[in-house]
Amino acid sequence: MYNLDEEKVFRDPIAGYVRVNNEIVWRCIESREFQRLKRIKQLGSTFMVYHTGEHSRFSHSLGVYEIIRRMVNEVKDLNNGLSDYDKTIVMLAGLLHDIGHAPFSHSFESILNKKHEDYTISIITEKSEVNDILNSYSSSLSADIASIIKGTYHNSILCQLVSSQLDADRMDYLLRDSYFTGTKYGEFDLERILRTLRVADGKVVIKSSGMHTIEDYIMARYHMYWQVYYHPVSRSYDVLLEKLFLRLKDLYIENSDKIVQQYPMFKDLLENETLTNDQMYHLDDSCCHYGFQLMCQNDDKILADLAYRVLNRRLFKYCSIDKKDQIYNMVVEHGFNPKYYFSQDIQIQNPYKPYSNEISSIWVVKDGGEIVELSNESRIVSSICQNNQYKDEKVFFPKEVIND
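The structure presented is a predicted model; accordingly, all values stated were derived computationally and were not measured.

Peer 1: I'm lost on the layout of surface pockets in this one. Help?
Peer 2: With a probe scaled to a water molecule rolled over the atoms, the places where space remains empty come into view. Here the second largest pocket defines a volume of roughly 230 Å³. Put simply, the parts of the chain that give the lining of the second largest pocket at least two residues each are β2 (16-22), α3 (57-74) and α5 (84-96). Taken together, the residues of the lining of the second largest pocket sort by class into 4 nonpolar, 5 polar and 3 charged.

Peer 1: What should I look at first to understand the sheet that holds strand β9 (residues 390-397) in this one?
Peer 2: Reading across the sheet, the 3 strands line up as β5-β9-β6 and stay open at both edges, with antiparallel pairing between neighbours. Looking at strand neighbours, the two that pair on one side only are β5 (317-320) and β6 (343-349), the edges of this open sheet. Taken over all neighbouring pairs, the strand axes of this sheet differ in orientation by 35° on average, direction set aside. Packed onto the sheet, helix α14 (residues 232-254) meets β5, β6 and β9 and runs at close to 55° relative to β9.

Peer 1: Mind showing me how you'd approach the pattern of salt bridges here?
Peer 2: Tallied over the entire structure, the rule returns 24 salt bridges. Here D12 makes a salt bridge to R176, at a shortest N to O gap of 3.0 Å. Of this pair, D12 sits in strand β1 (residues 3-12) while R176 sits in helix α11 (residues 168-181), and the two are 164 residues apart along the sequence. Each member of the pair, D12 together with R176, is buried. Ionic pairing is found between R69 and E66, a salt bridge with its closest N-O pair at 2.8 Å.

Peer 1: Mind showing me how you'd approach the side chain of D250 here?
Peer 2: Inspection of the secondary structure puts D250 in helix α14. Overall, the relative accessible area of 15% leaves D250 in the buried class. For D250, the side chain forms a polar contact with the side chain of Y340, separated by 2.5 Å. Aside from chain neighbours lying at most four places away, what touches D250 is K339 and Y340.

Reading the values: the criteria
- Residues numbered from 1 in each chain as written.
- Predicted model: local features only at pLDDT ≥ 70, side-chain atom pairs only at ≥ 80, totals over all residues.
- Heavy atoms only, no water.
- 1 Å grid on protein atoms, 1.4 Å probe; cavity = no way out; pocket = protein on both sides within 12 Å on 5 of 7 lines; lining within 4 Å.
- Points joined across faces, edges and corners; volume = space filled by probe spheres on them.
- Helix = DSSP H or I, 4+ residues; strand = E, 2+ residues; numbered from the N terminus.
- Nonpolar A, V, L, I, M, F, W, Y, C, P; charged D, E, K, R; others polar.
- Pairing = 2+ DSSP bridges.
- Axes fitted to C-alpha atoms, helices over the stretch in contact; angles between N-to-C directions.
- Contact = heavy atoms within 4.5 Å.
- Salt bridge = Lys/Arg side-chain N within 4 Å of Asp/Glu carboxyl O.
- Buried < 20%, exposed > 50% of the residue type's maximum accessible area, 1.4 Å probe, protein only.
- Polar contact = N/O pair within 3.5 Å; in protein donor to acceptor, adjacent residues only side chain to side chain.

Have a look at this one:
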């Protein structure tokens, strides 16, 4: 693993500087698949609520890389316990963990019928510019990076750094998303966490003196999900996207040649069950928005209306699930097709799952060396875990239904 002649740096509002010394890391950043992440919003629909939340998956991925780079260099147990190869592949896993993300964040996965993690693994291990770069250094590199992201790498410590309940991914997106949405919900003391990280019994653990910082981190995650990620206005936008593509697919079934000719940017999406790496590369936020603009002129009133609503924030209203039958009947009475103008949505969040598995759980090392699971040591976290899940269920529908 070769070092660059001169360190490369990115100015970053969360990290200060993102530092790159490894040649292979720099080459992956310059790859076309990673550069595509500049054209993918990190928060998808959240900019409908928090108008400054328009940062990219590119900046988040760099942020995750930087936190892992600091972990493996500044946490003594990691710096001394990991080989140079392990340090490099876990930094690359953090950098590339979201490279398979589709437009509009997670809301697009229901349209693709495939999770972004699966596309990520495909881009890393199969034909792509990133895969060519990795293979030019070692034939085993892509498989090792993919196994870290999947959580199957033989050194589970590397998996913990990338994907666990106390990982660099969560740490960056909480701080970054809070900053760019102009909220305070996601703030916690990252520096204190890095200072109190240790390795014990084959696991990444936190010193007992840092436990209160972890409590803040858990609470930050709880508040960010309900105040930002699961905000009902954001969910309304997601519902509209889903209904828009449902209508587009139905029209494609009726006349495929016409729809493909009208919207060539969605040809691959309509014709294939899943996308190839090259097809995914050409799908981003910009091409989708251009397609929506064209749809506003379509002769089909439902497609044109849904596209107009998406582009101009004419979102569906929402109410609690107990009024579902009443709202459904009102949608029908007002002449709206409920297939496209009525939706039921449920969101469930567990801010922390004790013992979900040994790698994923958060562990505290006490002064005497005993290692305990976080909820057994923290009364705050224990109290949160007593309510196994937090749930919100709503129905979404055109506001004209009740305004009339």
